[in-house]
Amino acid sequence: MSQPLAERLRPRTLDEYIGQKHLVGEGAVLRRMIESGRISSFILWGPPGVGKTTLAQIIAHRLETPFYTLSAVTSGVKDVRDVIEKAQKGRFFNEASPILFIDEIHRFSKSQQDSLLGAVERGIVTLIGATTENPSFEVIRPLLSRCQVYVLQPLDKDDLLELLHRAITTDVVLKERKIELKETGALLRYSGGDARKLLNILELVIEAEPNDPVVLCDDIVVARLQQNPLAYDKEGEMHYDIISAFIKSIRGSDPDGALYWMARMIEGGEDPQFIARRMVISASEDIGLANPNALLLANAAFDTVMKIGWPEARIALAECCVYLATSPKSNSAYLAIDDALATVRQTGNLPVPLHLRNAPTSLMKQLGYSDGYKYPHDFPGHFTQQQYLPDELQHQRFWHAQHSPAEQKLYERMVNYWGERFAT
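Residues numbered from 1 in each chain as written. Predicted model: local features only at pLDDT ≥ 70, side-chain atom pairs only at ≥ 80, totals over all residues. Heavy atoms only, no water.

Engineer: Looking at this model, I keep getting lost on the packing of aromatic side chains. Mind explaining?
Structural biologist: Both the distance between ring centres and the angle between the ring planes are used here to describe each pair of aromatic rings. Summed over the entire model, instances satisfying the criterion amount to five aromatic pairs. Seen from their ring centres, tyrosine 260 and tryptophan 261 are 4.8 Å apart, and the 75° between their planes marks the pair as edge-to-face. Classification of tryptophan 261 as partly exposed rests on a relative accessible area of 24%. When the ring of tyrosine 388 is compared with that of tryptophan 418, the centres are 6.4 Å apart and the planes differ by 80°; the resulting orientation is edge-to-face. Of this pair, tyrosine 388 sits in the loop between α19 (362-366) and α20 (405-418) while tryptophan 418 sits in helix α20, and the two are 30 residues apart along the sequence. The exposure class of tryptophan 418 is buried, given its relative accessible area of 15%. Here the aromatic residues Phe383, Tyr388, Tyr417 and Trp418 are joined through ring pairs into a cluster of three or more. (Phe/Tyr/Trp six-rings, centres within 6.5 Å; stacked < 30°, edge-to-face > 60°. Buried < 20%, exposed > 50% of the residue type's maximum accessible area, 1.4 Å probe, protein only. Helix = DSSP H or I, 4+ residues; strand = E, 2+ residues; numbered from the N terminus.)

Engineer: I would appreciate a short explanation of the confidence of the model for the chain in the present structure.
Structural biologist: Regions with low pLDDT should not have their predicted coordinates read in detail. Per-residue pLDDT for the chain has a mean of 84; in total, 94% of the residues score no lower than 70. Low pLDDT, under 50, characterises residues 229-237; the stretch is placed with 17 contacts to residues that sit more than four places away or in other chains. (pLDDT = per-residue confidence, 0-100. Contact = heavy atoms within 4.5 Å.)

Engineer: Sorry if this is basic, but what is going on with the packing of helix α16 (residues 293-308) against helix α17 (residues 313-326) here?
Structural biologist: The packing of two helices is summarised by the inter-axis angle and the distance between the axes. Relative orientation of the contacting elements α16 and α17 amounts to 170°, with a least axis distance of 9 Å. Relative to α17, the element α16 lies roughly antiparallel. The element α16 and its partner α17 pack so that their crossing is left-handed. On the side of α16, the interface is formed by Asn293, Ala294, Leu297, Ala298, Ala301, Thr304, Val305 and Ile308, while α17 contributes Ala313, Ala316, Leu317, Glu319, Cys320, Tyr323 and Leu324. Of the residues belonging to the contact of α16 with α17, the class tally is 12 nonpolar, two polar and one charged. (Axes fitted to C-alpha atoms, helices over the stretch in contact; angles between N-to-C directions. Parallel < 35°, antiparallel > 145°, perpendicular 65-115°, else oblique. Left-handed = near helix turned anticlockwise from the far one by under 90°. Nonpolar A, V, L, I, M, F, W, Y, C, P; charged D, E, K, R; others polar.)

Engineer: How do you make sense of helix α15 (residues 272-287) when you look at a structure like this?
Structural biologist: Over its 16 residues, α15 extends 21 Å from the first C-alpha to the last, a length consistent with the 22 Å expected when each residue adds 1.5 Å. Summarising burial for α15: 12 of the 16 residues are buried, a large majority. Buried within α15 are the following residues: Pro272, Phe274, Ile275, Ala276, Arg277, Arg278, Met279, Val280, Ser282, Ala283, Asp286 and Ile287. Immediately downstream of α15, the backbone of glycine 288 shows phi near 50°, a positive value. (Expected span 1.5 Å × (residues − 1).)

Engineer: Could you clarify how one ought to interpret the pattern of salt bridges in this entry?
Structural biologist: Taken as a whole and judged by the stated rule, the model has 18 salt bridges. A salt bridge links glutamate 26 to arginine 31, with the shortest nitrogen-to-oxygen separation between them at 3.8 Å. The class for glutamate 26 is exposed, based on a relative accessible area of 70%. A cluster of three or more residues bridged by salt bridges with shared partners is formed by Asp15, Glu26, Arg31 and Glu35. (Salt bridge = Lys/Arg side-chain N within 4 Å of Asp/Glu carboxyl O.)

Engineer: Can you walk me through the nonpolar core in this structure?
Structural biologist: Membership of the largest hydrophobic core comes to 27 residues, with the highest contact counts inside it found for Leu174, Ile179, Leu199, Leu202, Ile206, Leu216 and Val221. Going through the elements one at a time, α1 (5-8), α9 (157-170), α10 (185-191), α11 (195-207), β7 (214-216) and α12 (218-227) are the ones with two or more residues in this core. Broken down by element, this core gets its largest block of residues, eight residues, from α11. With sequence-adjacent residues up to four places away left out, leucine 199 is seen in contact with Leu5, Ala6, Leu9, Leu163 and Ala167. Core analysis: the next-biggest nonpolar cluster, separate from the first, contains 24 residues, Ile242, Phe274, Ile275 and Val305 among them. (Core = buried A, V, L, I, M, F, W, Y, C linked by side-chain atoms within 4.5 Å.)

Here it is as structure tokens:
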């Protein structure tokens, strides 16, 4: 049986690699590192089908150093220690460290990650990890601090079209067929920036058309996928579509929709921690100050999942799901921090006003550090007006209240404190 199209088209060199120009384009950080022949430990974070494993394999072919691969799904602590022992014994003096590639590193337990730490610290191995989950949540801090994190993006339209044309014109099987790309909208839409999904769809549609020429249009693609809706999701990538529907149902205050999509994830075998973590994010991003208790409940649900496990944890998840969906919504804090971050990037490192600086030494006091600072607790109501922003931004506003009973109270307090600054 021949290999799947996605495997046949897997790039072998950086020049064949499609997408991620910010990492592997001319002069980009990973390309420079690979071309130098020496790499430091890093983690590739991005959605499925964007080239994480392929990039690791390209590095393996390019660098003349031992390359070991482990899958976090099938490997245990013993497997990690065995590889580290092999790497240690096989390394010659002053030779570059062997590379250890761990696919789906987010599935490694704390003990498995701990078993890696010493080898990475001492340079016995150079670690390359691949994950679809935020490493900040899934990778232990000591290990994360020793790895650079590189973020891979979904492939854009141009990348996907390049891949389509490459498949049709260079693949050993497809180039023997007469294939016409009449429309590509459905192909691109269903792929969702995932190269593997795109190629799986293409292969499915072409295999279903025994006679040449094969004219690829949106209607044919949609019809074939409706007949076999799971065929383009062999590795479970659809969960990104479903989690999107889940979060949007919460944001749209539809508890029934949210419960349905959560049930789809549960039945599909989704990690309950993944569901709980997304609800924590939703509580912060979409509900925010309109109901601050939402974040507390979401954290409690996450903690419950960790403590009691499956299947009882589904009840806590459902309780939180309904609560979030039925809560009032506000994204004012989310917008405020993004506005503040944009301002920081634009204005750079503005100096801290002298009265806000600490003055632990006599020299600092002589220079005026902390001079004029008003201690709010010394004033009625524990408040007094003074400048807390840099001089260049002293009239800048970041947080703008939205209309909900809870947030209205916060806004009224700010108007009472600051007057015109918050009234406008």
